[in-house]
Amino acid sequence: MSPYVLPLLLFSLGLGTTMTFASSHWLLAWIGLEINTLAIIPLMAQNHHPRAVEATTKYFLIQATAAAVLLFAGTTNAWLTGQWEIQQGAPPLPVAIITLALALKLGLAPLHSWVPEVFQGLDLTTGLILATWQKLAPLALLLQIHPPNSYLLILLGLTSTLIGGWGGLNQTQLRKILAYSSTAQLGWMVLVLQFSPSLTTLAVSVYVATTAATFLTLKLAKATNINMLAISWAKAPALVALTPLVLLSLAGLPPMTGFMPKWLILQELSKQGLAPTATLAALTALLSLYYYLRITYTMTLTMFPNNLTGTPPWRLRTRKITLPLACLAIATISLLPLTPAAVALVAL
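If you're wondering where the values come from, they're calculated on a predicted model, not measured in any experiment.

Here is what the cut-offs are and how they apply
Residues numbered from 1 in each chain as written. Predicted model: local features only at pLDDT ≥ 70, side-chain atom pairs only at ≥ 80, totals over all residues. Heavy atoms only, no water. Patch = residues over 30% accessible without salt bridge, like charges linked within 9 Å, V, L, I, M, F, W, Y side chains within 5 Å. Areas by Shrake-Rupley, 256 points an atom, 1.4 Å probe, with all protein chains shown as cover. Salt bridge = Lys/Arg side-chain N within 4 Å of Asp/Glu carboxyl O. Helix = DSSP H or I, 4+ residues; strand = E, 2+ residues; numbered from the N terminus. Buried < 20%, exposed > 50% of the residue type's maximum accessible area, 1.4 Å probe, protein only. Expected span 1.5 Å × (residues − 1). Arc of directions from axis to C-beta. Contact = heavy atoms within 4.5 Å. Axes fitted to C-alpha atoms, helices over the stretch in contact; angles between N-to-C directions. Parallel < 35°, antiparallel > 145°, perpendicular 65-115°, else oblique. Left-handed = near helix turned anticlockwise from the far one by under 90°. Nonpolar A, V, L, I, M, F, W, Y, C, P; charged D, E, K, R; others polar. pLDDT = per-residue confidence, 0-100. UniProt positions renumbered as here; feature names shortened; annotations may be inferred. Domains from an automatic or database assignment. Buried area = accessible area lost by both parts, 1.4 Å probe. Polar contact = N/O pair within 3.5 Å; in protein donor to acceptor, adjacent residues only side chain to side chain.

**Digging into a nonpolar patch on the surface**
Nonpolar side chains collect at one region of the surface, where Met1, Val5, Leu6 and Leu10 lie side by side and expose about 330 Å² of accessible area between them. You can see leucine 10 is positioned in helix α1 (residues 5-22). For leucine 10, a relative accessible area of 44% corresponds to the partly exposed category.

Shown next as structure tokens:
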């Protein structure tokens, strides 16, 4: 890709998301989402591999469908209420259609089936953008409409945590596992969105940090399936020692940073009288924990059968930039004691 085109595409990605963040008008928010989608399409197809082209086509069709439904719902809302403002409230029918359209954009279950297939066709860098940055604009719109007493959001959240955990159990491709992990993590955010938007913001922040650390780790290890992780110990022993902690943080185990949002979400759901919902969400987290532990076991406790320990290239110093990974890993592992400060910060 041309060095002049890449900064333009990245600027368009930022512009689309920022426009959606800042807009209080449905049409402007829709335009921001479209700019965002059109900017990432060339990044997804830049390898010219048939799988990348297939993934790009699927992503474009899904996002175009969701955008059309969102525009239809916004137009219906304007027809019923006479205004295009996002935060002025809307009748139940347009709110439900908008919620489903944004769920399709995010990849929430049961509208998630495109996510693993699209992730599988992409490289890890583009997959990282798709799993983190591309989720921010639809989540911002969900936070702005903030539908009260929405059983639809609770249903979408519980289904996402269940399917996200269940779907990754029999996967061997790491990108598909990360896709199901993304669906499960988004389910936790949606569960608490209508009760505590600030808590959703905290969960998104922790999700972005832990997911970015995981993607960068796999990119550094040059691994695309679980079996390839078995030789990672010879390439980067320090990285292999750190990766289980990052994965357990993504799973939400204490004393890692990832435990913070799940603990607070379960607490908030219990306060709202939704103890059964909190219990189901906690149980579905065990499904996700299984495949995180499976990856951890493969990296740290198994050895590749044809391993040649004396191969010199494995001992060469890496030339890749590892500072972002180091910072993200520290944030992923060690910020749980700062929970009161984080809660106070997002509540401002």
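Still more to cover.
**Notes on α1**
Note on helix geometry: an α-helix contains 3.6 residues per turn, so any two residues three or four positions apart are oriented the same way. Here α1 is 18 residues long and its end C-alpha atoms lie 25 Å apart, about the 26 Å a rise of 1.5 Å per residue gives. Among all positions of α1, only Leu9, Ser12, Leu13, Gly16, Thr17 and Thr20 are buried. Around the axis of α1, the buried residues are gathered within 120° of arc, so they sit on the same side. Seen from the open side of α1, the exposed residues pointing more than 90 degrees away from its buried face are Leu8, Phe11 and Ala22. Buried residues in α1 make contact with α2 (26-44), α6 (124-131) and α7 (133-145).

**Here's the deal with the packing of α1 against α2**
Between α1 and α2, the least distance of the axes is 7 Å, while the angle of their chain directions is 155°. Overall, the two elements α1 and α2 adopt an arrangement that is roughly antiparallel. Both α1 and α2 take part in a crossing whose hand is left-handed. In contact with Leu6, Leu9, Leu10, Ser12, Leu13, Gly16, Thr17, Met19 and Thr20 of α1, α2 contributes Leu28, Ala29, Ile31, Gly32, Leu33, Ile35, Asn36, Ala39, Ile40, Pro42 and Leu43. Grouping the amino acids of the contact of α1 with α2 by side-chain chemistry returns 14 nonpolar, six polar and no charged.

**Considerations on unusual backbone geometry**
Across the junction of alanine 109 and proline 110, the peptide omega takes the value 5°, indicating a cis bond. Topologically, proline 110 is positioned in the loop between α4 (92-106) and α5 (114-120). For the bond running from proline 254 to proline 255, omega is 5°, close enough to zero to count as cis. Along the chain, proline 255 turns up in the loop between α12 (237-251) and α13 (259-271). For histidine 48, which is not a glycine, the phi torsion comes out positive at approximately 60°. Take histidine 48: it is sitting in the loop between α2 and α3 (50-81). Positive phi, normally seen in glycine, also occurs at lysine 222, with a value near 55°. Inspection of the secondary structure puts lysine 222 in the loop between α10 (197-221) and α11 (232-235).

**Overview of the packing of α7 against α10**
Here α7 crosses α10 at 170°, and the two axes come no closer than 11 Å. Regarding the angle of α7 to α10, the classification is roughly antiparallel. For the pair α7 and α10, contact is made by Leu136, Leu139 and Leu143 and by Pro197, Thr200, Thr201, Val204 and Val208, respectively. Its residues assigned to classes, the contact of α7 with α10 shows six nonpolar, two polar and no charged.

**Observations concerning the confidence of the model for the protein**
Confidence along the protein averages 89 in pLDDT terms, with 95% of residues attaining 70 or more. For the protein, the element scoring lowest by mean pLDDT is α11, at 77; α5 scores highest, at 95.

**Some details on the UniProt feature "domain: NADH:quinone oxidoreductase/Mrp antiporter transmembrane" (unreviewed entry) in the protein**
In the numbering adopted here, UniProt assigns the feature "domain: NADH:quinone oxidoreductase/Mrp antiporter transmembrane" (unreviewed entry) to residues 23-286. Along residues 23-286, the helical share is 76% and the strand share 0%, with 38 Å between the first and last C-alpha atoms.

**Topic: the domain arrangement of the protein**
One can read the domain layout of the protein as domain 1 (1-144) and domain 2 (149-307 + 320-347). Contacts between domain 1 and domain 2 engage 27 residues on the former and 31 residues on the latter. For the domain 1 and domain 2 pair, buried surface summed over both sides reaches about 2500 Å², with 78% attributable to carbon and sulfur atoms. A salt bridge links lysine 176 to glutamate 117, with the shortest nitrogen-to-oxygen separation between them at 3.6 Å. For the interface between domain 1 and domain 2, the tally reads seven residue pairs in polar contact (both at pLDDT 80 or more). Listing elements by their share of the side of domain 1 that touches domain 2, those giving two or more residues are α4, α5, α6 and α7. Grouping the amino acids of the side of domain 1 that touches domain 2 by side-chain chemistry returns 18 nonpolar, seven polar and two charged.

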